[in-house]
Structures are given as C-alpha cells and as structure tokens.
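Structure assessment
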Amino acid sequence: MTSLFSPYLMPIFLLAASNVFMTFAWYGHLKYPMAPLPLVVFISWGIALMEYWLAIPANRIGHTVYTTAELKTMQEVITLVVFALFSVFYLKESFTWQHAAGFALIAGGATLIFKA
C-alpha cells in the first residue's frame, strides 16, 4: 500500500490544494462585482501566495518520480476538476454537456502524456 506521503501521491494532494487557492484567487472575486478592484487584486495576491507554498513543493517532490510534462499535465487536469466544482458550487453557474465534453477531451489528451 502506498503511503499518503509517497512522492507518487503527495504531489497530487498538494496540487489539488494549490489549485483550490488559485481558483479562489483568480475567480472568487467574481461573486463580489462591486468590490474595489485594487482591494480585489491585493486579496487575490495574498491567496495566490498560499498557492505557491503548495505548488512549488508539489513539483519539487513530484519531480523525483514524474517528468515535468507529467506534473504539468496532472496540474491541468486537477485545475479543470477544481474549476468545474468551483463554478457550480461557489459561483452557482451551470455545467453543461459542452463543458463536460470539452474537459473530457482535454483529459483524454492528458492520458497520452502518461502512456509514453
């Protein structure tokens, strides 16, 4: 059984957590369109700092067992999943079959990276 702290799993968990922070940094303010833009930028920058504290170790640890292309592909797929959940549950936007199909095509392309 693989430990949660293994270099195979830890990057996945760290990238997932970092993507939650980055999604809030980039899109969380859309729920508050009347907030002053300079304030939104400053708050988003602070949230994004937390993303870096997770993403950098994820890549450092992950690079011991994954290629850079694999790490980037993982990050992109995780980003799509986090973004889809965020847009539906936080922004209350609909998720259509076109979104699902488009994301599935991207995820399908990602599997090619891991088949090398």
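Quick note: structure is the one above.
Bear in mind that the values here come from a model prediction, so they are computed numbers and not experimental data.

For the rest of this paragraph, the subject is the packing of aromatic side chains. This model, assessed by the stated rule, comprises seven aromatic pairs. When the centroid spacing of 5.9 Å and the interplanar angle of 85 degrees are considered together, the rings of Y8 and Y66 count as edge-to-face. With Y8 in the segment before α1 (10-27) and Y66 in the loop between α2 (37-62) and α3 (68-89), this pair connects stretches of sequence that are 58 residues apart. Exposure remark for Y8: the relative accessible area of 45% places this residue in the partly exposed category. Overall, the relative accessible area of 15% leaves Y66 in the buried class. For the ring pair F86 and Y90, a centre distance of 5.0 Å and an interplane angle of 25 degrees mean the geometry is stacked. In this pair, the class of F86 matches that of Y90, namely buried. Taken together, the ring pairs in this structure connect F24, F86 and Y90 into an aromatic cluster. Over the face of the ring belonging to Y90 we find K31, whose NZ or CZ atom lies 4.2 Å from the ring centre.

Criteria and cut-off values
Residues numbered from 1 in each chain as written. Predicted model: local features only at pLDDT ≥ 70, side-chain atom pairs only at ≥ 80, totals over all residues. Heavy atoms only, no water. Phe/Tyr/Trp six-rings, centres within 6.5 Å; stacked < 30°, edge-to-face > 60°. Helix = DSSP H or I, 4+ residues; strand = E, 2+ residues; numbered from the N terminus. Buried < 20%, exposed > 50% of the residue type's maximum accessible area, 1.4 Å probe, protein only. Lys NZ or Arg CZ within 6 Å of the ring centre and 35° of its normal.

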